[in-house]
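For reference, the chains in residue letters:
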Amino acid sequence: MNKETEIKLRASRETLAALQTHPLLKKRSKAGWETSELFNQYFDTEARDLAGAKVALRLRKDGEQIIQTLKSRGQSVAGLSERNEWDWYLSKAKLDLKKLDDSCWPAALAELDKKQLKPIFTTDFVRQRAEIAWGRGKARVVIEAALDLGKVIAGKQQEEICELELELRQGEPEALLELAAELAADLPLMPCDISKAERGYRLFDEASYGLQLPTPQLDAEQSLDDAVAAIGWFLLGSSQRLAEQYRHNGHWRLLVDWLDCLVELRALFGSLGQAAPRASTSELRQVLDALLDDWRPRVLAGQADDAARQDAPAQFAAELQQTRWGRFSLGTSRWLLTRAWTSARTKRGDRQGAAALQSWLPTFFAEEGRDLQLKRYQQQPEDLAEQLPRLERLLLWLHLARGTLDIAEADRLFGELNKLAELAKRPISPEELEARMTQAQIIMSLKPWKALLKHG
């Protein structure tokens, strides 16, 4: 068994061609590019039992070699994946079911009759691979870079494969993100954690590509630093899966949810005070703000205008031809993996980062709640939009951490604040101004709101 650690980056044909001659890869490559054709047949049952157990089984023909591979359930977050992999070299292109014993076969499939396994789709592609030496100080790092171009074929349906795959051969996972970030600085590369197998299953069933990552389970005694990491990985991973699926099918709701993830990431960066010095998020905020400046108006327009919705897929495709989405995604992955916000902060920042949520959150809510100045916006509802960033910070933590608060009706408070934030986004009209004043009064009268303001 081997542990596979890799990152997949969706690319265009033009980007793959540029990567072949990229100075960074050329300089670091030991022997240049080696080209091979890979023919892959995936197997499952009629009921897709292997897919349900997050297992992929394939036969690969690589030149004269026949390789049977089983990949088990692993973890894949924000494009960086780790999973267990078993390889067996066979003498003929036929599954050897005897290899699939208890040493590798998941317990969840123990009762499955393996004779039901049959071919379901193929992934055939040309791979150009090169071994890259990527030094990190005195640590030796070896990464295999693979440029894959081909097709996933399931019955009469097919989808293009066009991606850069970076697999860690030796060293720490951070090196993959470092190399990917260097390449994404001037080439449009889109991190995505959909495997070739998942693409095959998606051709059978759109819903098989799960968009919803498990919501982080925060607890009151968890440190702020640990909560930031859990929330950050969840939002980034979700945004990437939503971007991949919207690119694939153009369903409007996916774009709305993608933007919501970006809004919450921006709120996370802005809510941490000295626990995450502004310098640690400066580059990320710059790119993220540019994305939000472009996509907030488009999504808002699309909520009421069907023509704007129809234009959005082409605009999103154009976005992916730029570098900023890839740069932001990879930069945030590195920020989370290394916990970059914890370096170069003050002792007070260290104390805040180490504080339990049950002590940090009440102070955060009390300070932000008082600064929201709801009474003022009852008198000046036309200015409420200036408080949208603060509302979004409050909503982020109420969304994902309200279960750690010792207050009643936290769910209702979240819902009412969300209504106020939606009103703050809308164009001003007499009706909207009246709605803003009414909604502010509703929130001020809520017991959980009054309870939050008492803390701190």
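Residues numbered from 1 in each chain as written. Predicted model: local features only at pLDDT ≥ 70, side-chain atom pairs only at ≥ 80, totals over all residues. Heavy atoms only, no water.

Q: If you had to explain the overall build of the protein chain to someone new, which residues and values would you point to?
A: From N to C terminus, the protein chain includes 17 helices and ten strands. Taken over C-alpha atoms, the radius of gyration comes to 25 Å for the protein chain, in line with the 23 Å a tight globule of 456 residues would show. Expressed as lengths along the three principal axes of its C-alpha atoms, the size of the protein chain is roughly 80 × 50 × 45 Å. Out of the 456 residues in the protein chain, the part that is buried amounts to 53%. (Helix = DSSP H or I, 4+ residues; strand = E, 2+ residues; numbered from the N terminus. Rg over C-alpha atoms; globule rule 2.2 N^0.38 Å. Buried < 20%, exposed > 50% of the residue type's maximum accessible area, 1.4 Å probe, protein only.)

Q: Requested: an account of the packing of aromatic side chains, with residues and values cited.
A: One pass over the full model with this rule turns up 14 aromatic pairs. Measuring from centroid to centroid gives 5.1 Å for Tyr246 and Phe316, while their planes differ by 85°, and the two rings are edge-to-face. Note that Tyr246 is positioned in helix H6 (residues 224–249) and Phe316 in helix H9 (residues 306–320), a separation of 70 residues in sequence. A residue is classified by how much of its surface remains accessible, and Phe316, at 2% relative accessible area, is buried. (Phe/Tyr/Trp six-rings, centres within 6.5 Å; stacked < 30°, edge-to-face > 60°.)

Q: I'd like to hear about helix H4 (residues 174–184), residue by residue, with values.
A: Among the eleven residues of H4, nine are classified as buried, and the element is accordingly described as predominantly covered. Every buried residue of H4 is accounted for by Glu174, Ala175, Leu176, Leu177, Glu178, Leu179, Ala180, Leu183 and Ala184.

Q: Please give an account of helix H11 (residues 347–354) that cites residues and values.
A: The periodicity of an α-helix, 3.6 residues per turn, causes residues three or four places apart in sequence to face the same way. Among all positions of H11, only Gly349, Gln352 and Gly353 are buried. All buried residues of H11 project into a common sector of 100° when viewed along the axis, lining one side. In H11, the exposed residues that point more than 90 degrees away from the buried face are Lys347, Arg351 and Ala354. (Arc of directions from axis to C-beta.)

Q: Outline the packing of H6 against H9, supporting the account with residue identities and numerical values.
A: Running from N to C, H6 and H9 cross one another at 125°; their axes reach a closest spacing of 10 Å. The angle between H6 and H9 places the two elements in the oblique class. The interaxial crossing formed by H6 with H9 has left-handed handedness. Two secondary-structure elements touch here, H6 through Ala243, Tyr246 and Arg247 and H9 through Ala312, Pro313, Phe316 and Leu320. Of the residues assigned to the contact of H6 with H9, the class counts are six nonpolar, no polar and one charged. (Axes fitted to C-alpha atoms, helices over the stretch in contact; angles between N-to-C directions. Parallel < 35°, antiparallel > 145°, perpendicular 65-115°, else oblique. Left-handed = near helix turned anticlockwise from the far one by under 90°. Contact = heavy atoms within 4.5 Å. Nonpolar A, V, L, I, M, F, W, Y, C, P; charged D, E, K, R; others polar.)

Q: Lay out the pairing of strand E8 (residues 142–154) in plain terms, naming residues and giving numbers.
A: Within E8, ten of the 13 residues are buried, which leaves the element mostly enclosed by the surrounding structure. The sheet contact formed by E8 and strand E9 (residues 157–170) spans 13 bridges and is antiparallel. Directly across from Val152, in E9, lies its bridge partner Glu159. (Pairing = 2+ DSSP bridges.)

Q: Describe the pattern of salt bridges, naming the residues involved and giving the relevant values.
A: Opposite charge on two side chains permits them to pair, given that their charged atoms come into close proximity. Enumeration over the complete set of coordinates arrives at 43 salt bridges. Ionic pairing is found between Glu6 and Arg83, a salt bridge with its closest N-O pair at 3.2 Å. Taken together, the residues span a long stretch of sequence, with Glu6 in strand E1 (residues 2–10) and Arg83 in strand E6 (residues 80–90) at a distance of 77 residues. With respect to burial, Glu6 and Arg83 carry one shared label: buried. A salt bridge links Lys419 to Glu416, with the nearest nitrogen and oxygen atoms 3.7 Å apart. A residue pair is termed a helical-turn pair when its members lie 3 or 4 positions apart in one helix, as Lys419 and Glu416 do in helix H15 (residues 410–425) at three residues. (Salt bridge = Lys/Arg side-chain N within 4 Å of Asp/Glu carboxyl O.)

These values are about where atoms sit, not about what they do.
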